[in-house]
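# Architecture and fold: a report
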Amino acid sequence: MLITVLFSLLLSSVLATEKDSALPMLNDTKATEAFIDSAEVVVIGFLEGEESDSYKELAAAAKRVDSVPVAICTVKEVWADYSVSSDTITLFRKADNHQENLVVSEIKKVEADGLVNFITINEVRYITEYNQVTAVGLFHSEVKSHLLLFANRGTKEYTDLKKKLGDLAPEFTGKFLFVLINGAVKSNSRSLGYFGLKSKDLPRVGIYDADSDMKWLLPEGEISTERVQEFAQSFLRGELKDVKQAGAEPKTEL
């Protein structure tokens, strides 16, 4: 009797663990579209089945990057909708309407560590905090114009402005990437200096255009949604080209 009870408890534990590690299954195009639309950044494993090593590694990675929803799709008719023809792990993001594919056959080995790195590097959001990891995804994006919020973390302005610009960002999808640069981090002093700023000068808002390697600052004053909106629109209208640039000499990266 005791052995039976212990076996039942062990089996329940194994099943619970398997259930906890299972990824949501997307069985048709409608479910896939809804999943992609459910968050700023999502990952879908277009994989043959749940028995593959790729699935197991993706499930392990999903546990470590809980800010990004992860699902699996084994229906090849759905794969075709996203131009996928073989096992592929794909990241979808709204900030620049981008689809980043990691084709399983093109990498030596699928491992959770590598997948975590793939997700983290490409996790560009409506407003993305700048650091050495996110810089890779930001500068590899096809959207080359960045609207920058320079602010010191820990201040009320930091929290308020991050939300304000985050709410504004969807209006400029495909035109700007909104980037938050924490002036309280010593390693970001180079980015501030590029715009002629120091931590004590913050908060400020700027625009950096990678195609022309040009940069501008929103004139000092209240950082309102309306002012930032007009600043961004003036760039898109080409009106900033005749305005004096911010900071010192041009450089190729922040």
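Since this is a predicted model, take the numbers as computed values, not measurements.

Conventions adopted
- Residues numbered from 1 in each chain as written.
- Predicted model: local features only at pLDDT ≥ 70, side-chain atom pairs only at ≥ 80, totals over all residues.
- Heavy atoms only, no water.
- pLDDT = per-residue confidence, 0-100.
- Contact = heavy atoms within 4.5 Å.
- Buried < 20%, exposed > 50% of the residue type's maximum accessible area, 1.4 Å probe, protein only.
- Helix = DSSP H or I, 4+ residues; strand = E, 2+ residues; numbered from the N terminus.
- Pairing = 2+ DSSP bridges.
- Axes fitted to C-alpha atoms, helices over the stretch in contact; angles between N-to-C directions.
- Salt bridge = Lys/Arg side-chain N within 4 Å of Asp/Glu carboxyl O.
- Core = buried A, V, L, I, M, F, W, Y, C linked by side-chain atoms within 4.5 Å.

### Concerning the confidence of the model for the chain
In the predicted model, the chain carries a mean pLDDT of 89, and the fraction of residues at 70 or more is 89%. A low-confidence stretch, residues 2-20 (pLDDT under 50), is modelled with one contact involving residues beyond four sequence positions or located in other chains. The low-confidence segment residues 249-254 (pLDDT under 50) makes 20 contacts with residues lying over four places distant or belonging to another chain.

### Re the pairing of strand β3 (residues 88-93)
The element β3 is largely enclosed, with a buried count of six among its six residues. By the alternation rule, side chains of β3 split into Thr-88, Thr-90 and Phe-92 and Ile-89, Leu-91 and Arg-93, which are all buried. By the bridge criterion, six bridges tie strand β1 (residues 41-46) to β3 in an arrangement that is antiparallel. In the strand pairing of β3, Val-42 is matched with Phe-92.

### Remarks on the sheet that holds β1
With respect to topology, four strands assemble into an open sheet ordered β2-β1-β3-β4, the strand pairing being mixed. The sheet is open, and its two edges are formed by β2 (70-73) and β4 (98-103), each paired on a single side. Each strand of the sheet is rotated relative to its neighbour by a mean of 20°, with strand direction disregarded. Bridge count between β3 and β4: six bridges; the pairing is antiparallel.

### Things to note about the pattern of salt bridges
Side chains that differ in sign of charge can pair as their charged atoms come close. With the rule as written, the count across this model stands at 12 salt bridges. A salt bridge links Arg-64 to Asp-113; its shortest N-O distance comes to 2.7 Å. Residue Arg-64 is found in helix α3 (residues 53-64), and its partner Asp-113 is found in helix α5 (residues 112-121); the two are separated by 49 residues along the sequence. On the accessibility criterion, Arg-64 (49% relative accessible area) is partly exposed. In the salt-bridge network here, residues are joined through shared partners; they are Glu-230, Arg-237 and Glu-239.

### Remarks on the nonpolar core
Among the nonpolar cores identified, the biggest contains 44 residues, and Leu-147, Phe-150, Phe-178, Phe-195 and Val-205 are the most heavily contacted of them. Counting residues per element, the ones that place at least two in this core are α6 (134-140), β6 (145-151), α7 (156-168), β7 (177-182), α8 (189-194), β8 (204-209), β9 (214-217) and α9 (225-236). Leaving out residues up to four positions away in the same chain, Leu-147 has contacts with Leu-165, Phe-176, Leu-177, Phe-178, Val-179, Val-205, Gly-206, Ile-207, Val-228 and Ala-232. Listed in part, the 23 residues of the second largest apolar core include Val-41, Leu-58, Leu-91 and Val-104.

### Description of the environment of Lys-215
Structurally, Lys-215 is set in strand β9. In this structure the C-alpha to C-alpha distance between Lys-215 and Lys-241, which are 26 residues apart in sequence, comes to 9.5 Å.

### Comments concerning the sheet that holds β6
The strand order β5-β7-β6-β8-β9 describes an open sheet built from five strands, whose pairing is mixed. With partners counted over all chains shown, the strands left at the sheet margins are β5 (127-129) and β9, one partner each. Averaged over all adjacent pairs, the angle separating strand axes in this sheet is 25°, with direction ignored. Direction of pairing for β6 relative to β7: parallel, over a ladder of six bridges. Directly across from His-146, in β7, lies its bridge partner Leu-177. In this fold α9 packs onto β6, β8 and β9, with an angle of close to 20° to the strand it touches most, β8.

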